[in-house]
Protein chains: 2
Amino acid sequence: PKKKGENAEGTEEKAKDDVKSFTLKTPKGTKDYDEKDMAIREQIFSTITSIFKRHGAITIDTPVFELKEILAGKYGEDSKLIYDLEDQGGEKCSLRYDLTVPFARYLAENKISNLKRYHIAKVYRRDQPAMNRGRMREFYQCDFDIAGVYDPMVPDAEALRVMAEILKGLDVGEFTIKVNHRKILDGMFEVCGVPSDKIRTISSAVDKLDKMLWADVKKEMVDEKGLAEEVADRIGEYVKLKGSKELCEKLAADTGLSGNANATAGIADMRLLLNYLEVFNVLPHISFDLSLARGLDYYTGVIYEAVINDSPSVQNGEQVGVGSVAAGGRYDDLVGMFSGNKKIPCVGVSIGVERVFALLSSRRDRASIKSNATEVYVIGLGEGFLEERMRICSELWDAGVKAEYMFKKKPRSLQVQFDVCDKEQIPLAIIVGGKEIEAGVVKIRKMVKEEASSGDKEVTVPRTGLVEAVEQKLQELR
Amino acid sequence: PKKKGENAEGTEEKAKDDVKSFTLKTPKGTKDYDEKDMAIREQIFSTITSIFKRHGAITIDTPVFELKEILAGKYGEDSKLIYDLEDQGGEKCSLRYDLTVPFARYLAENKISNLKRYHIAKVYRRDQPAMNRGRMREFYQCDFDIAGVYDPMVPDAEALRVMAEILKGLDVGEFTIKVNHRKILDGMFEVCGVPSDKIRTISSAVDKLDKMLWADVKKEMVDEKGLAEEVADRIGEYVKLKGSKELCEKLAADTGLSGNANATAGIADMRLLLNYLEVFNVLPHISFDLSLARGLDYYTGVIYEAVINDSPSVQNGEQVGVGSVAAGGRYDDLVGMFSGNKKIPCVGVSIGVERVFALLSSRRDRASIKSNATEVYVIGLGEGFLEERMRICSELWDAGVKAEYMFKKKPRSLQVQFDVCDKEQIPLAIIVGGKEIEAGVVKIRKMVKEEASSGDKEVTVPRTGLVEAVEQKLQELR
């Protein structure tokens, strides 16, 4: 069944109001997150944030829109997907398309030459949405980047270690991190005989190999992009190669590549990187894969992309599953586009949290998710005793206990109040009535189902010792 | 001195790049938050969130832009401050102006009749910015709202209790919460003889009494808004009234107001509310203040606004200080604008976090703020021993310890690595060198200044017991 608030591709779901003609929906490609969604999302963010912090990253925040000229010329063909703000007088602005370009602008503007930062925030793309696969027009990115001049492959290895720690921490299942190097790709294209003006477009075609068969990619290269068939065939031999450290040696021994400067530099980097990844215990997850190309123009070195192993990407010719769940690479020239001549090398990783969300969300039983934090529900018998319930809550709040009560002077019955505890999964109830007030006591009852049958289900404690008694009961339940 | 990245009103600070002509700045009225700002902001958000959760609130998220028609007709004159997205084909959208209207849309769209939710997110207003007072075009709102049909003043009292808990928790200093009631204001205007078509505009004039003298407000009423002078004078007598429970009795006894239905209903509400606030221990912070009017049209009942006591609002005729730090009220008709005939009464409070940020930020010594979480720095002697440092970090990360090392094969010296510990306030250093590796040990050194002088400043532990030893040292430092 279709989830409330979701507007999938094409469908124009209009819930017309009968009095005024409001269209009650969120804009196309966007959705509301309800409390259950938010509970899952907060768990994801908290896992990711703790790992970013474990690696010493600080966080920054930049505005949701940038001056239009900051984003211009950074995304190639995808620039058409940028949301512009209406010209209402003043500066021309656009919603950010990613967090990387604002990060580069930030570094250049503040003349920062090294920084390890993370940024978790929403970005905007006027793309064709596919909500059930986690592709939306408004979505979160969780980025970790290391800027600065360091020894080769050392920050790159840490970015990959962070990626692996997060995927393990999120418990998405077995995963593979495909790794490649732009210089190896460039060298390979040169060696195969791709004209230099066709390298980017042929690289884009290679990038589709995770969704298309080689025969179709070759057809695109030859028929659409005018590449000679024998050149395409040579590429075809290389892009089927994948492996680990032994592939470095194989490529180093390749008569074609070994004479190419780009390829040689790239292979040296990969050798170093795979060595560091072995030290970091990440190597078992790595697949050095010559078919990985990555779409974005700004990558200059190592590139990588993580996929879930048991998630099929194509089924009956149709794309299914969530695709890559994390990706990134080295981009040494982007900050220089803002800082004039000063080059700030960067490497980073971006976690595809919306895809992770779609994955984890589909596995969870929504009814079992507790979306509030309430620990205690204060229940009134008979006449309700509203002010006494308020007084008790007040004392609990002062002690930091998460407590609620029914906003009625006289609740309809004891049962309607118990029902709230069940529905909201509130573990403790405090019960007050005329007799209790007279005797200077309150009752504390464990509401959790498995506890409800045990002997000490309900205790009576002095009103003056209430807070301590509640804190102790909560301790027992933890 | 002007903080980097800040673009105050009017100033067009352009840092022109000399190669390409990029304007390296954020859009007017927006700013970047660096790691120190973020440390302060996260502390503020964490305090606020824990209090919202203490009261059982769940959280939701809505898109940053809404269909334009959703926002239309909700903000009166301020509608001109709404940011529209450019029409790039498809739906017309606007950036959200607050979190209240999206909340109302959410309730109506999902047919939710009761909810206690909080929402912390950015909103957008094309206003004249005053950045040093925390007024920006992009800013965070932290809202807590209770929707649902309940007994009178019960949720209202909880909203005010939440406001008071947060202001205490944020440690902003002594504060006063001004409270008034729209029905009392309306009744008062009726009794004074304000024509019904002038009530909203005269109410707006009264709202300026926190920034202007009565003489000037009266002038505006009489000269600009055409109110009879004797009517203005009668208003002038009422709006100087402020107090607590006794003011309810005084107003109930007022010959004018006691005959007015609106005023009588409002006074009954206030009597009940002040009683509940007394139970909640909030009454000492409350000032029932007839001069409080609040700008927004959608309020229908109790309204409130918190100010810091020692923060002057006007000095030499110029506005200074941060103004109100939290505000809110009851709005019973807003959801009905989306749901047709179904009325969902709501009451809420919004924390002015940017003002709180400006206040707390000005009090903090920026140098003393630790913006990363790093606990351990792994230092290499002599040849650097990069891979050993990586291996140690890897083990620490596996154990959840926050650790970093220098991204150099051979750091220039021991001192440059100690300097990082000082600068980043990292409490522990692990030191490895050739001798240590040979002996199968590592050194652990406490780097915190006050500890550095004590006897057990440095210990040598077996390499195999490193993680446990580090965890124990960290425990000691906490």
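Criteria and thresholds
- Residues numbered from 1 in each chain as written.
- Chains lettered and ligands numbered in written order.
- Predicted model: local features only at pLDDT ≥ 70, side-chain atom pairs only at ≥ 80, totals over all residues.
- Heavy atoms only, no water.
- Salt bridge = Lys/Arg side-chain N within 4 Å of Asp/Glu carboxyl O.
- Helix = DSSP H or I, 4+ residues; strand = E, 2+ residues; numbered from the N terminus.
- Buried < 20%, exposed > 50% of the residue type's maximum accessible area, 1.4 Å probe, protein only.
- Contact = heavy atoms within 4.5 Å.
- Buried area = accessible area lost by both parts, 1.4 Å probe.
- Polar contact = N/O pair within 3.5 Å; in protein donor to acceptor, adjacent residues only side chain to side chain.
- Domains from an automatic or database assignment.
- Core = buried A, V, L, I, M, F, W, Y, C linked by side-chain atoms within 4.5 Å.
- pLDDT = per-residue confidence, 0-100.
- Axes fitted to C-alpha atoms, helices over the stretch in contact; angles between N-to-C directions.
- Parallel < 35°, antiparallel > 145°, perpendicular 65-115°, else oblique.
- Left-handed = near helix turned anticlockwise from the far one by under 90°.
- Nonpolar A, V, L, I, M, F, W, Y, C, P; charged D, E, K, R; others polar.
- Phe/Tyr/Trp six-rings, centres within 6.5 Å; stacked < 30°, edge-to-face > 60°.
- Lys NZ or Arg CZ within 6 Å of the ring centre and 35° of its normal.
- Least-squares fit on C-alpha atoms with pLDDT ≥ 70 in both.
- Pairing = 2+ DSSP bridges.

Peer 1: Looking at this structure, I do not really get the pattern of salt bridges. What am I missing?
Peer 2: Between side chains of opposite charge, a pair can form when the charged atoms approach closely. Residue and element names in this part refer to chain A. This structure, assessed with the given rule, holds 86 salt bridges over all chains. The salt bridge involving Glu66 is made with Arg105; its shortest N-O contact spans 2.9 Å. You can see Glu66 sitting in strand S2 (residues 65–67) and its partner Arg105 sitting in helix H3 (residues 100–109), a full 39 residues away along the chain. Assessed through its relative accessible area of 0%, Glu66 is described here as buried. Assessed through its relative accessible area of 0%, Arg105 is described here as buried. Here Asp333 and Lys343 are joined by a salt bridge, their closest N and O atoms 3.6 Å apart. Of this pair, Asp333 sits in the loop between strand S12 (324–330) and helix H12 (336–339) while Lys343 is found in the loop between H12 and strand S13 (346–351), placing the two residues 10 residues apart along the sequence. The class of Lys343 is exposed, set by a relative accessible area of 51%. Shared partners join several salt bridges into a network, and the residues in it are Lys31, Asp34, Asp37 and Arg366.

Peer 1: Got a minute to help me understand the interface of chain A and chain B in this structure?
Peer 2: At the junction of the two partners, chain A supplies 102 residues and chain B supplies 102 residues. Contact between chain A and chain B buries roughly 9000 Å² in total, counting both sides, with carbon and sulfur atoms accounting for 54%. Here chain A and chain B share 14 salt bridges between them. Our enumeration of links across chain A and chain B arrives at 42 residue pairs in polar contact (both at pLDDT 80 or more). Element by element, the count of residues in the side of chain A that touches chain B is highest for helix H14 (residues 386–398) of chain A, at 7 residues.

Peer 1: Explain unusual backbone geometry to me, please; I cannot follow it from the model alone.
Peer 2: At Asp171(A), a residue that is not glycine, the phi angle is positive and equals roughly 60°. Within the secondary structure, Asp171(A) sits in the loop between helix H4 (154–170) and strand S6 (175–181). For Asp171(A), a relative accessible area of 55% gives the class exposed. Its identity is not glycine, yet Phe385(B) carries a phi of approximately 50°, on the positive side. Among the secondary structure elements, Phe385(B) is positioned in the loop between strand S14 (376–380) and helix H14 (386–398).

Peer 1: Just checking my understanding: could you explain the domain arrangement of chain A for this structure?
Peer 2: Quite often, the size of an interface is put as the accessible area lost when its parts meet. Along its sequence, chain A is carved into domain 1 (35–363) and domain 2 (376–477). Centre-to-centre separation of domain 1 of chain A and domain 2 of chain A, based on C-alpha positions: 53 Å.

Peer 1: Just to check I follow, could you spell out the nonpolar core for this structure?
Peer 2: A general tendency of soluble globular proteins is for nonpolar side chains to be buried together. Ile235(A) and Ile235(B) are the most contacted members of the largest nonpolar core, which totals 288 residues. When neighbours within four sequence positions are excluded, Ile235(A) is seen to be in contact with Met188(A), Phe189(A), Cys192(A), Val194(A), Ile202(A), Val206(A), Trp214(A), Met221(A) and Leu227(A).

Peer 1: Would you take a moment to explain the confidence of the model for chain A for this structure?
Peer 2: Atomic detail in the predicted coordinates should be set aside for any region of low pLDDT. Mean pLDDT for chain A: 90, with 91% of residues reaching 70 or above. Counting interchain partners and residues more than four positions distant, the pLDDT-below-50 stretch residues 1–19 of chain A has 40 contacts.

Peer 1: Even after reading the chapter, I still don't get the packing of helix H9 (residues 245–252) of chain B against helix H11 (residues 261–279) of chain B, so can you show me in this structure?
Peer 2: How two helices sit against one another is set out by the angle between their axes and by the gap between those axes. Residues and elements named next belong to chain B. Axis separation between H9 and H11 bottoms out at 9 Å; the angle between their running directions is 165°. Regarding the angle of H9 to H11, the classification is roughly antiparallel. H11 is crossed by H9, and the crossing has left-handed handedness. Residue-level inspection shows Lys245, Cys248, Glu249, Leu251 and Ala252 of H9 in contact with H11, the latter providing Ile267, Met270, Arg271, Leu274, Asn275 and Glu278. Each residue belonging to the contact of H9 with H11 can be placed in one class, and the counts come to 6 nonpolar, 1 polar and 4 charged.

Peer 1: What's the story with the environment of Ser50(A) in this structure? I'm lost.
Peer 2: As for its placement among the helices and strands, Ser50(A) is situated in helix H1 (residues 35–54). Here the alpha-carbon distance between Ser50(A) and Ile166(A), two residues 116 residues apart in the chain, equals 9.3 Å.

Peer 1: What am I meant to see in the packing of aromatic side chains here?
Peer 2: Aromatic rings in a pair are described by how distant their centres are and how their planes are angled relative to each other. One pass over the full model with this rule turns up 24 aromatic pairs over all chains. Ring geometry for Tyr75(A) and Tyr97(A): centres 4.3 Å apart, planes at 45°, overall tilted. Placement of the pair is Tyr75(A) in the loop between helix H2 (68–71) and strand S3 (93–95) and Tyr97(A) in the loop between S3 and H3, with a sequence separation of 22 residues. There is no split in this pair, since Tyr75(A) and Tyr97(A) are both buried. Ring geometry for Tyr298(B) versus Tyr331(B): centroids 5.5 Å apart, planes at 55°, classification tilted. With Tyr298(B) in the loop between strand S8 (286–289) and strand S9 (302–308) and Tyr331(B) in strand S12 (residues 324–331), this pair connects stretches of sequence that are 33 residues apart. Take Tyr298(B): its relative accessible area is 10%, and that puts it in the buried class. Within the aromatic cluster, the residues linked to one another by ring pairs are Phe52(A), Tyr118(A) and Phe144(A). The ring of Tyr33(A) carries the charged tip of Lys31(A) above its face, separated from the ring centre by 4.5 Å.

Peer 1: I keep staring at the relation of the copies chain A and chain B and nothing clicks. Help me out?
Peer 2: Mapping between the two copies of the chain is achieved by a rotation about an axis and a shift along the axis. Rotating chain A by 180° about the axis while translating it 0.0 Å along that axis superimposes it on chain B, leaving an RMSD of 0.0 Å. Expressed as a symmetry operation, the mapping of one chain copy onto the other fits a two-fold axis. Both copies share a contact surface, since 100% of the interface residues of chain A are interface residues in chain B too.

Peer 1: What am I meant to see in the pairing of strand S17 (residues 441–446) of chain A here?
Peer 2: Here strand S16 (residues 428–432) of chain A runs beside S17(A); their pairing, made up of 4 bridges, is antiparallel. Within the sheet, the bridge partner assigned to Ile430(A) lies in S17(A) and is Ile444(A).

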